[in-house]
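Residues per chain are reported as follows:
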Amino acid sequence: MRKKLTKAIFPVAGMGTRFLPATKAIPKEIMTLVDRPLIQYAIDEAREAGIKEFIFVTSRGKSALEDYFDHAPQLEQELRKKGKDDLLRILKSTNMDSGAIAYIRQHRALGLGHAVHCARRLIANEPFAVILPDDVIDGEQGCLKQMLDVYEETGGCMVAAMEVPQEKTSSYGVLDVADDMGSLVSVKGMVEKPKAEDAPSNLAVIGRYILTPDVLRNLNRQDAGAGGEIQLTDAIAKQIGTEKGVYGYRFRGQRYDCGSKSGFLQATVAFGLARDDLRDDLLSYLDEIAVSRKAAE
Ligand code: UTP
């Protein structure tokens, strides 16, 4: 029987240079969409998929992340005393069980593949998920849970995939599709950041993966790839043609690239509009801006 997926790696050791100067002092993953840090969205998605062990690959300057996951008994007590039950409930929903979180250091930012490799001893010989918290996916069902339901049938390696405009393919890992079955595709090739004219399709890999431990062994032997970084895509591609194979999964939901400024701003507006307590104010403000921009044209 296939081993249950209970472990997820959250690689958060990148430098987040696109958000400088903010990321000089704040980890990108602590930046908030409305009132929840990016990392909380990722954790909630993992929990929904049944993940029990949360492995963070961190680096210098990320201690705010560890603090965020600490329990806050004093704050809880204060809220209880003041009868602020709603806030207390929100605060408690972020608590993590003792022993459920592990932190591993990536000493040099050598790439996503290297970050995942740093967690190899905690994964040992089990399938595992990788979640990139800067890809925030809003949907009725979490992306990882959707993937898990299909993975239970397919096994092997699975990456989340979405269609992107051809000219944007050079920013992504791109799938060469063997068989397109609708939401599921089997993969015969993967290229990291190809030139747009060389991209084998416009189906791009985004930050959710279910991987077999073979990928860790591939990373063991791997040299730097595109951009001089140790690429996760290359290690997954080595599994193509093996018995278990590699699949892409077209998830249902809206993905926001919160690693980029414009993606982050779009997500902020979308999550603001989704909130009953903020929608009306935000909408009338957006209408106001639209009208005054039109008038100025
Ligand atoms: P990005 O490519 O977005 O890099 O990494 P970054 O450093 O976070 O941000 P920019 O490009 O400088 O603005 C994608 C994911 O891989 C992790 C990042 O933390 C992010 O979650 N990563 C990347 C690592 O953990 N280690 C690395 O060496 C590189």
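Starting afresh in each chain, residues are numbered from 1 along the sequence in its written order. With pLDDT at 70 or above as the cut-off, local features in this predicted model cover only qualifying residues; side-chain atom pairs require 80 or more to be listed or tallied, and sums for whole chains, interfaces and linings still use all residues. Neither water nor hydrogens contribute to the side-chain values; these are computed over all heavy atoms in the structure.

Proximity criterion: a residue is near a molecule or strand once any of its heavy atoms comes within 4 Å of it. Neighbouring the ligand are 17 residues, the closest being Met 15, Thr 17, Lys 28, Gln 106 and Gly 111. Note that an oxygen atom of the ligand is positioned 2.8 Å from one of the backbone N or O atoms of Pro 11. Here a polar contact means two N or O atoms within 3.5 Å. Within protein one must be a hydrogen donor candidate and the other an acceptor candidate, and residues neighboring in sequence count only if both atoms are side-chain atoms. Interatomic distance of 2.8 Å between a backbone N/O atom of Arg 18 and an oxygen atom of the ligand. The distinction between a cavity and a pocket rests on a 1 Å grid over the protein atoms alone: a 1.4 Å probe fits inside a cavity but cannot get out, while a pocket stays open yet meets protein on both sides within 12 Å along at least five of seven lines, and a residue with an atom within 4 Å of a point counts as lining. To be counted as sitting in a cavity or pocket, a molecule needs more than half of its atoms within 2 Å of that site's grid points. The cavity that encloses the ligand is the largest pocket. In this classification, Asp, Glu, Lys and Arg are treated as charged, Ala, Val, Leu, Ile, Met, Phe, Trp, Tyr, Cys and Pro as nonpolar, and every other residue, Gly included, as polar. A breakdown of the residues in the shell around the ligand according to their chemical character gives eight nonpolar, five polar and four charged.

This part is about the packing of helix 4 (residues 73-81) against helix 5 (residues 85-93). Between N-to-C directions, angles cover 0 to 180 degrees, with each direction set by a line fitted to C-alpha atoms, over the stretch in contact for helices. Numbered from the N terminus, helices here are DSSP runs of H or I no shorter than four residues, and strands are runs of E no shorter than two. Where helix 4 contacts helix 5, the two axes come as close as 9 Å, and the packing angle between them is 160°. Considering the angle they form, helix 4 stands roughly antiparallel to helix 5. Viewed along their axes, helix 4 and helix 5 form a crossing whose handedness is left-handed. The residues of helix 5 that touch helix 4, namely those facing Leu 75, Glu 76, Leu 79 and Arg 80, are Leu 87, Leu 88, Leu 91 and Lys 92. Its residues assigned to classes, the contact of helix 4 with helix 5 comprises five nonpolar, no polar and three charged. When an angle is under 35 degrees it counts as roughly parallel; over 145 it counts as roughly antiparallel; between 65 and 115 it counts as roughly perpendicular; any other value is oblique. The sense of a crossing depends on the near helix, which, turned anticlockwise from the far helix by less than a right angle, makes the crossing left-handed and, turned clockwise, makes it right-handed. Residue contacts follow a heavy-atom distance rule, with two residues in contact if any of their heavy atoms lie within 4.5 Å.

Space inside the largest pocket adds up to approximately 1400 Å³. Of all elements in the fold, only helix 6 (112-118), strand 11 (203-211), helix 10 (232-237), strand 13 (254-257) and helix 11 (261-273) reach the threshold of two or more residues within the lining of the largest pocket. Within the lining of the largest pocket, the residues separate by chemical class into 20 nonpolar, 17 polar and 12 charged. In this model, the second largest pocket occupies a volume close to 440 Å³. As for the second largest pocket, its lining consists of 19 residues, and the residues nearest its centre are Asp 35, Tyr 68, Ile 90, Leu 91 and Thr 94. For the lining of the second largest pocket, the secondary structure elements donating two or more residues are strand 3 (36-37), helix 3 (63-69), helix 4 and helix 5. Ranked by the residues each element gives to the lining of the second largest pocket, the list is headed by helix 5, at five residues. Its residues placed into classes, the lining of the second largest pocket shows eight nonpolar, five polar and six charged. Grid points are joined across faces, edges and corners, and a volume is the space filled by probe spheres set on the points.

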